[in-house]
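Report on the structure
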Amino acid sequence: MSTPILEKCRAVYLTAEDLRIAASLIYNSYYDDPFFIEVLGSDNKMVYEQKLRAAIREELNSLWQQEQALIGLFEDQRMLGVACIMTQEVPLGEDRYWNWRLKMMLGTGWQPTQAMMDKESQILKYLPGKHCGILQFIAVAPNEQNKGYGRTLVHTALSWCDEQPKVNGIGVWVNQDEHYELFVNTGFEPVTKIAINSVEGELLFHSRGAK
């Protein structure tokens, strides 16, 4: 994708009115994600889709309520992609708030809710410090794939990190080769392999200010 086209984009914090579209972009991007397929179960397509929508909706609402970084990439008024970053300043893993647990459990079931908390606990265990961000979601609209927007979103997340004096870097857990290549090519470094249930992925980290 040419630089002039990318320069037409703007990255801004999402408003409450943007959350529905952001949820749709994330849903399409994570529909084939091995982690969600594993923990939500894909035997019944309709049930899987309902649970995935519920999981994304509740997580977005939680991030919004806790004033975490929800960043949209726009061309004019059209959302091209979204990146969602949470910090260790909010309860994660086994420390998740009871109302998040209840809503997530009602929407997806207890075992998926527990698996999501286990994933976060494993990530927290291996992050290099107590003041890191975690890239929870990154998504590009289906008809805008392979145009450079994913890389732009990653750089936008890193720019956000560089402006946060209390955030030492950003971690992300990836379980697909193409995602691994995207993050490594934008300066993330491998930390460790983490398996959640039968899904193995790699925890990557980018330190604030690193090139």
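Residues numbered from 1 in each chain as written. Predicted model: local features only at pLDDT ≥ 70, side-chain atom pairs only at ≥ 80, totals over all residues. Heavy atoms only, no water.

So, the overall build of the protein chain
In plain terms, the rule: Helix and strand labels come from DSSP, where a helix needs a run of H or I of at least four residues and a strand needs a run of E of at least two; each type is numbered from the N terminus. Two things to know: the radius of gyration comes from C-alpha atoms, and the globule rule equals 2.2 Å times the number of residues to the power 0.38. Relative accessibility thresholds used throughout: buried, under 20% of the residue-type maximum; exposed, over 50%; partly exposed, between the two (1.4 Å probe, protein chains only). For this analysis, residues touch if any pair of their heavy atoms sits within 4.5 Å. Under the convention used here, a 1.4 Å probe and the Shrake-Rupley method define accessible areas, while residue burial counts only the protein chains that appear. For this count, His and the chain ends are skipped, Lys and Arg are scored as positive, and Asp and Glu as negative. Where a charge sits is defined by one atom per residue type, namely NZ (Lys), CZ (Arg), CG (Asp) or CD (Glu).
On a plain count of helices and strands, the protein chain comes out with eight helices and seven strands. The C-alpha radius of gyration computed for the protein chain amounts to 16 Å, which stays within 12% of the reference 17 Å derived for 211 residues, consistent with globular compactness. When its C-alpha atoms are laid out on the principal axes, the protein chain stretches across 45 × 35 × 30 Å. In the protein chain, which comprises 211 residues, the proportion classed as buried is 48%. Within the protein chain, contacts between residues separated by at least 24 positions form 69% of all contacts whose residues are at least 6 apart in sequence. Total accessible area on the protein chain stands at roughly 10,900 Å², and carbon and sulfur atoms take up 49% of it. Positive and negative side-chain charges in the protein chain, numbering 20 and 27 respectively, have mean positions lying 3 Å apart.

Observations regarding helix α4 (residues 45–65)
Put simply, the rule is: Multiplying 1.5 Å by the residue count of a helix minus one yields the expected span of that helix. Definition of a polar contact: a pair of N or O atoms within 3.5 Å, with one able to donate and the other able to accept a hydrogen when the atoms are protein atoms, and with sequence-neighbouring residues admitted only if both atoms are side-chain atoms.
In this model, α4 (21 residues) spans 30 Å end to end at C-alpha, consistent with the 30 Å of a helix rising 1.5 Å per residue. All of the buried residues in α4 are Tyr48, Leu52, Ala54, Ala55, Ile56, Glu58, Glu59, Leu60, Ser62 and Leu63. Regarding α4, its N-cap is Asn44, as a side-chain oxygen of that residue lies 3.1 Å from the backbone nitrogen of Met46 further along.

Structural notes on the side chain of Thr87
Structurally, Thr87 is set in strand β3 (residues 78–87). On the basis of relative accessibility, which here comes to 9%, the residue Thr87 falls in the buried class. Discounting residues that sit within four places of it in the chain, Thr87 has contacts with Gln68, Leu92, Cys132, Gly133, Trp160 and Val167.

A closer look at the pattern of salt bridges
Going by this rule: Within this document, salt bridges are pairs made up of a side-chain nitrogen of Lys or Arg and a carboxyl oxygen of Asp or Glu, the two lying within 4 Å of each other.
One pass over the full model with this rule turns up seven salt bridges. Between Glu58 and Arg57 there is a salt bridge, and its shortest N-O distance comes to 3.6 Å. Across the pair Lys147 and Glu144 runs a salt bridge whose closest N-O atoms are separated by 2.9 Å. Looking at Glu144, the relative accessible area reads 6%, which means it is buried. Look at the salt bridges and you will find they share partners, linking Glu75, Arg78, Glu144 and Lys147 into a network.

Points about the confidence of the model for the protein chain
Operational definition: The pLDDT score gives, residue by residue, the confidence of the prediction method on a 0 to 100 scale.
Looking at the protein chain, the pLDDT average stands at 92 and 96% of residues meet or exceed 70. Here residues 1–5 scores under 50 on pLDDT; set against residues more than four positions off or in separate chains, the count is five contacts.

So, the pairing of β3
Convention followed: The pairing criterion for strands is at least two bridges between them, as found by DSSP.
A large share of β3 lies buried, amounting to nine of its 10 residues. Pairing geometry for strand β2 (residues 69–75) and β3, over seven bridges, is antiparallel. The residue of β3 that forms the bridge with Ile71 is Ala83. Once β2 ends, the chain turns through two residues before running back antiparallel as β3, passing Asp76 with a positive phi of about 55 degrees.

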